[in-house]
Amino acid sequence: MELSYWELKSWFTTIDYTIVGSGIVGLHTALRLRERFPTSKILVIEKGMLPQGASTKNAGFACFGSLSEIIDDLKSHSEEEVIQLIKKRWQGLQLLRKRLGDETIDFKPYGGYELFLKDDESTYKECLSKLTFVNDIIKPLFKTDVFTKEVDRFGFNGIHDHLIFNPFEAQIDTGNMMQALLKQAIAENILILNQQTVTSFHENQNGVQVALGDFSFTTKKLLFATNGFANELINCAVKPARAQVLITEPIPNLDIKGTFHLDKGYYYFRNIGNRILFGGGRNLDFKGETTSEFGETERIQNRLEHLLREVILPNQEFKIEHRWSGIMGLGSSKNPIVSQLSEHVYCGVRLGGMGVAIGSLIGTELADLI
Ligand SMILES: Cc1cc2nc3c(=O)[nH]c(=O)nc-3n(C[C@H](O)[C@H](O)[C@H](O)COP(=O)(O)OP(=O)(O)OC[C@H]3O[C@@H](n4cnc5c(N)ncnc54)[C@H](O)[C@@H]3O)c2cc1C
């Protein structure tokens, strides 16, 4: 890359903070740094034309965990850890709403539901038996019972009669959220360079030399917000996890409103106006879906269509309009990693499946490490 004197001077000289990744975390990190350091030079490097990971690909659930997910988490994390995680997701959502405004992100507090397939008797029974216990441990946060048992009024098929309802769950417009964050970042004099991949970095006494292929520049601090791609440049316990999604064409008289979880959160669907967005199925092929390559597979897409036809919209004609995938960052713990890796290098990664909720907080925490 041959750059002019002007380009070098205005874009690549005296950079204070360089953030890798313009997803939810990267942009919140940049905005928080701007709050703390009003005159600093902040640069965001993004490899995609648009953010190219999970933040523009997700389902737009403003959620903090379904009952079965919370029960599952309690098996691998301490009670205190689970409560703290739910608290952070909840606080993150409030921060996101405050920063962007409910109207901007099209925040719709329709509530969330969990469904249980008829042949999954054990999860259903476990959820019913532990409902009171889970409500009790999170009551200090929400001041009331979060989960209640409700009769299915949506006409789903092949599921147990009762759903679990959570009135605190909502849906947002993911595209609006990310556009608003990008606009705010630009308005705050944060420079975003798209279609540039950080290929390596080299730390020295005064800062970090960052390579974009054959071109390199120096920054005082380097912050990774690369989530599922983190292991490509830094060493941390994050694995990529692909998630596949489809969306229907508009369905006349669609009577489904809200966010819905199925099969311990492995499947999720919601209405977007009078369409259904439906995603999940990683559990059909964990190995194959542990990848940072975008793409859809027949096996998972067929299962999504099958569940849509048989369970979710059993008596309705519909057509699939579009399919896509995104890459999440997962690990053995549900806790994100927010860490200083060396003198001038930091990371905020491993956002898991609820980064819409927790992402704003993780961005803030990452920026506050400096
Ligand atoms: C299909 C799907 C559905 C989901 N549904 C929900 C949901 O309903 N609710 C919810 O809360 N969460 C959901 N999630 C999870 C949520 O989207 C993520 O947790 C969140 O977006 C993570 O944000 P992030 O900024 O950490 O990562 P990303 O959005 O993945 O951002 C990382 C960025 O880093 C860039 N990057 C990586 N490496 C480099 C490099 N070397 N150089 C330059 N740039 C680089 C990538 O291109 C990417 O844009 C879903 C995820 C998917 C995939």
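As shown above, the structure is provided for reference.
Here's what I pulled together on the structure shown here. (Residues numbered from 1 in each chain as written. Predicted model: local features only at pLDDT ≥ 70, side-chain atom pairs only at ≥ 80, totals over all residues. Heavy atoms only, no water.)

## Quick word on the nonpolar core
- Core analysis: the biggest nonpolar cluster contains 55 residues, and I19, L67, I138, F147, I172, M177 and I190 have the highest contact counts within it.
- Only strand 1 (15-20), helix 2 (24-36), strand 2 (42-45), helix 3 (67-76), helix 4 (79-100), helix 6 (121-142), helix 7 (174-187) and helix 10 (355-368) provide two or more residues apiece to this core.
- Examining the composition of this core, we find that eight residues originate from one element, helix 4, more than from any other.
- Excluding residues within four positions of it along the chain, L67 makes contact with E114, C127, L131, V134, F147 and I164.
- L117, I159, I300 and L304 belong to the second largest nonpolar core, which has 26 residues in total. (Core = buried A, V, L, I, M, F, W, Y, C linked by side-chain atoms within 4.5 Å. Buried < 20%, exposed > 50% of the residue type's maximum accessible area, 1.4 Å probe, protein only. Helix = DSSP H or I, 4+ residues; strand = E, 2+ residues; numbered from the N terminus. Contact = heavy atoms within 4.5 Å.)

## A few points about the site of the ligand
- Near the ligand lie 39 residues; those nearest to it are E46, Q52, S55, F61 and V356.
- Interatomic distance of 3.1 Å between a backbone N/O atom of K47 and a nitrogen atom of the ligand.
- The protein chains hide 98% of the 1,000 Å² of surface that the ligand would expose on its own. (Near = heavy atom within 4 Å. Polar contact = N/O pair within 3.5 Å; in protein donor to acceptor, adjacent residues only side chain to side chain. Areas by Shrake-Rupley, 256 points an atom, 1.4 Å probe, with all protein chains shown as cover.)

## Here's the deal with the pairing of strand 9 (residues 200-203)
- Sheet topology places strand 9 next to strand 10 (residues 208-212); four bridges connect them, and they run antiparallel. The residue bridging S200 from the neighbouring strand is A211, located in strand 10.
- Here strand 9 folds back onto strand 10, and the loop between the two strands holds four residues. (Pairing = 2+ DSSP bridges.)

## Concerning the packing of aromatic side chains
- A complete count under the given rule lists 24 aromatic pairs for this structure.
- With centroids separated by 5.7 Å and ring planes inclined at 90°, the aromatic side chains of W90 and F168 adopt a geometry described as edge-to-face. Within this pair, whereas W90 is found in helix 4, its partner F168 is found in the loop between strand 6 (162-166) and strand 7 (170-171), the two being separated by 78 residues in sequence.
- Looking at W90, the relative accessible area reads 18%, which means it is buried.
- Ring geometry for F154 against F260: centres 5.1 Å apart, planes inclined by 85°, an arrangement best described as edge-to-face. With F154 in the loop between strand 5 (148-151) and strand 6 and F260 in strand 13 (residues 259-262), this pair connects stretches of sequence that are 106 residues apart. By the burial criterion, F154 is buried, and F260 matches it.
- Through a chain of ring-to-ring contacts, the aromatic side chains of Y113, F154, F156, F165, F260, Y267, F269 and F278 assemble into a single cluster.
- Taking NZ or CZ as reference, K47 lies 3.7 Å from the ring centre of F229, over its face. (Phe/Tyr/Trp six-rings, centres within 6.5 Å; stacked < 30°, edge-to-face > 60°. Lys NZ or Arg CZ within 6 Å of the ring centre and 35° of its normal.)

## Focus: the packing of helix 3 against helix 4
- Where helix 3 contacts helix 4, the two axes come as close as 8 Å, and the packing angle between them is 135°. When the axis of helix 3 is compared with that of helix 4, the two are oblique. For the crossing formed where helix 3 meets helix 4, the hand is right-handed. For the pair formed by helix 3 and helix 4, the contact residues are I70, D73 and L74 on the first element and E79, V82, I86 and R89 on the second. (Axes fitted to C-alpha atoms, helices over the stretch in contact; angles between N-to-C directions. Parallel < 35°, antiparallel > 145°, perpendicular 65-115°, else oblique. Left-handed = near helix turned anticlockwise from the far one by under 90°.)

## Details of the side chain of H261
- For H261, the location among the structural elements is in strand 13.
- Reaching out from H261, the side chain makes a polar contact with the side chain of E169 at a distance of 2.8 Å.
- H261 has contacts with F61, C63, S66, E69, Y113, E114, L115, E169 and Y267, leaving out every residue within four places of it along the chain.

## Re the sheet that holds strand 13
- Strand order in the open sheet formed by eight strands is 5-6-4-13-14-15-12-16, with mixed pairing between adjacent strands. Where the open sheet ends on each side, the last strands, each with one partner, are strand 5 and strand 16 (320-330). For this sheet, the mean angle separating the axes of adjacent strands, direction not counted, is 25°.

## Side note on the environment of L246
- If you trace the backbone, L246 turns up in strand 12 (residues 239-248).
- Considered as a pair, L246 and A59 are 187 residues apart in the sequence and their alpha carbons are 9.9 Å apart.

## Regarding the state of the cysteines
- For the structure shown, the criterion picks out zero disulfides.
- With no disulfide of its own, C236 lies closest to C347 among cysteine sulfurs, the gap being 5.0 Å.
- Note on C236: relative accessible area 12%, which makes it buried. (Disulfide = S-S within 2.5 Å.)

## Overview of the packing of helix 2 against helix 7
- Close contact between helix 2 and helix 7 brings their axes to 10 Å; oriented N to C, the two are set at 30°. By the angle between their directions, the pair helix 2 and helix 7 is classed as roughly parallel. Where helix 2 crosses over helix 7, the two elements pack in a sense that is left-handed. Residues I24, L27, H28 and L31 of helix 2 pack against M177, M178, L181, L182, Q184 and A185 of helix 7.
- For the contact of helix 2 with helix 7, the class distribution of residues is eight nonpolar, two polar and no charged. (Nonpolar A, V, L, I, M, F, W, Y, C, P; charged D, E, K, R; others polar.)

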